[in-house]
Amino acid sequence: MTTDPLAALRDSYLSAQLAGNRREALRLLVEEGVLRGIPVPSLHLDVIQPAQQEIGRLWQENHISVAQEHLATAISQLALSYLYRHLPRDPANGRTVLLSCVEGELHELGARMASDFLEMAGFEVRFLGANVPTEHLVREVRESKPDLLALSVTMSYHVPALRKAVAAVRELAPGLPMAVGGLAFTWAPGLEAELGVPFYGKDARALVAAACKMFEV
Amino acid sequence: MQSLIRQVETRTQRLAELSVQDIYDDPFWFARYGEERARRFGGEDAVFHVRYLVQALEAQDVGVMERYARWLQGLLVARGMCSRHLARHFHGLQDALVREGLGTPPEALRYVRAAEAALEWPEGPARQLREAAPKLVAHVVRELAHRGSLTPGQETRLSEELHLQLSYLMDALGTKRPGLFVEHVRWYADFWPQRKQSCEYAVLLEALEAALAREALPSEMPRVTVATGLTALKTEPS
């Protein structure tokens, strides 16, 4: 029996996910989380994220099916949408970050969480979501002229798409700072250096810290 | 090197097809997953192997393939395969690279070999079992040959079968999920007649358990796990 309230909340949230119970999952985050004074970033990083990692493990070890994994992830998507309205926000710092998953990459939860963290830190965020074709990413960079582009890759076999995206954006906007992040980087350590990008976000907090440092905001 | 990478990448589909073309000679795949699923997932996985190989070569990091192999192992041993099956897939890819003239420079072959090697369990009872496997197999084959004469062909097939069963056992021990071996035994008992071996499945497992007892490995887990499988086989016929 755990005495850590965050760990207990994570276990309950995970149980609700596995049961496919959206209402209970949201009730837990609001009644046992927000209303009890647990900061929203903690709900992201200490409840939803580890629960998702556990869902991934359960799927890999064949304890749950693909459908159950999708059901659970859909609940976390809903939870992030719900918590969005509760995000504490620093005053706007005047900088815009464009966030996107690379072409083919369907796992967007991490990038979405990073978007929320950047927004909390006062950045204007344009989040493009999953599987953005490189040519459309380039078009969006050209039109929205962000101060920073952050690209997310979860599955390691999408790294070639990341390389393509970095090269295409660099051709259009050689001076645009880029950040990269996602689970794929744990499989290919040093890739960020090889790509020549100034930093990568090990997690949402690290990305925000690096972005704030870069722009001195 | 860049030329090799581009050639591997360009021939992804061809390499993938070549690498799995012989595996369906083994009736296991269609029996376990059904022909449609076996061919679909086998084909998709073969493409993934090549894509990861391209990525590893581009990063000049053999670790990409090693991490991929271990990740895949965790995924597939929980779904009815064993590491020996995965090793065969990687071996098929090595053969395909050679057939396509991509054996030199040797990096592509070296990276796939590293993936195959990464499937070996590095510690604990699974490692003890791996190290003892040649002796165990030889002992069981000798014992079964003693009971009834075996042709050289039958001995070879029996040896291969034992290595396969040991691979399932190692995976169950390596993942610390001995129940996986018991599940495997339950399913395999029905499949066994398709193997057309010279003995019953239970007889093979009994001989394996006896060999494990005789070998006296530091851990009792391998023998106990086989014994549990045998109990399940005898008390819960499927």
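Cut-offs and rules
- Residues numbered from 1 in each chain as written.
- Chains lettered and ligands numbered in written order.
- Predicted model: local features only at pLDDT ≥ 70, side-chain atom pairs only at ≥ 80, totals over all residues.
- Helix = DSSP H or I, 4+ residues; strand = E, 2+ residues; numbered from the N terminus.
- Rg over C-alpha atoms; globule rule 2.2 N^0.38 Å.
- Buried ≥ 20, exposed ≤ 12 C-beta atoms within 10 Å, placed from the backbone.
- Contact = placed C-beta atoms within 7 Å.
- Domains from an automatic or database assignment.
- Nonpolar A, V, L, I, M, F, W, Y, C, P; charged D, E, K, R; others polar.
- Expected span 1.5 Å × (residues − 1).
- Arc of directions from axis to C-beta.

Participant: I'd love a proper account of the overall build of chain B, names of residues and values included.
Facilitator: A count of helices and strands for chain B gives 12 helices and 0 strands. Secondary structure elements in chain B, listed N-terminal to C-terminal, are α-α-α-α-α-α-α-α-α-α-α-α. Rg of the C-alpha trace for chain B: 19 Å, near the compact-globule value of 18 Å for 238 residues, within the 12% margin. Scored against the burial criterion, the 238 residues of chain B give a buried share of 34%. Counting contacts in chain B only where the partners sit at least 6 residues apart, residues at least 24 apart contribute 73% of the total.

Participant: Explain the domain arrangement of chain A to me, using residue names and the numbers behind them.
Facilitator: Residue and element names in this part refer to chain A. Splitting chain A by domain gives domain 1 (5–84) and domain 2 (96–215). Computed over C-alpha atoms, the centres of domain 1 and domain 2 are 25 Å apart. In this assembly, 10 residues from domain 1 lie in contact with 8 residues from domain 2. Residues that form the side of domain 1 that touches domain 2 fall into these classes: 4 nonpolar, 6 polar and no charged.

Participant: I'd like a description of helix 11 (residues 201–215) of chain B, backed by residues and values.
Facilitator: All names here are of chain B. Taking 1.5 Å per residue, 15 residues should reach 21 Å; helix 11 reaches 21 Å between its end C-alpha atoms and fits that length. Among the residues of helix 11, Tyr201, Leu204, Leu205, Ala207, Leu208, Ala211 and Leu212 are the ones counted as buried. Each buried residue of helix 11 sits inside an arc of 160° when the element is viewed along its axis, so together they form one side. Its buried side turned inward, helix 11 meets helix 8 (124–147), helix 9 (152–174), helix 10 (179–191) and helix 12 (221–235). Trailing helix 11 by a residue or two, Ala216 shows a phi angle of about 50°, which is positive.

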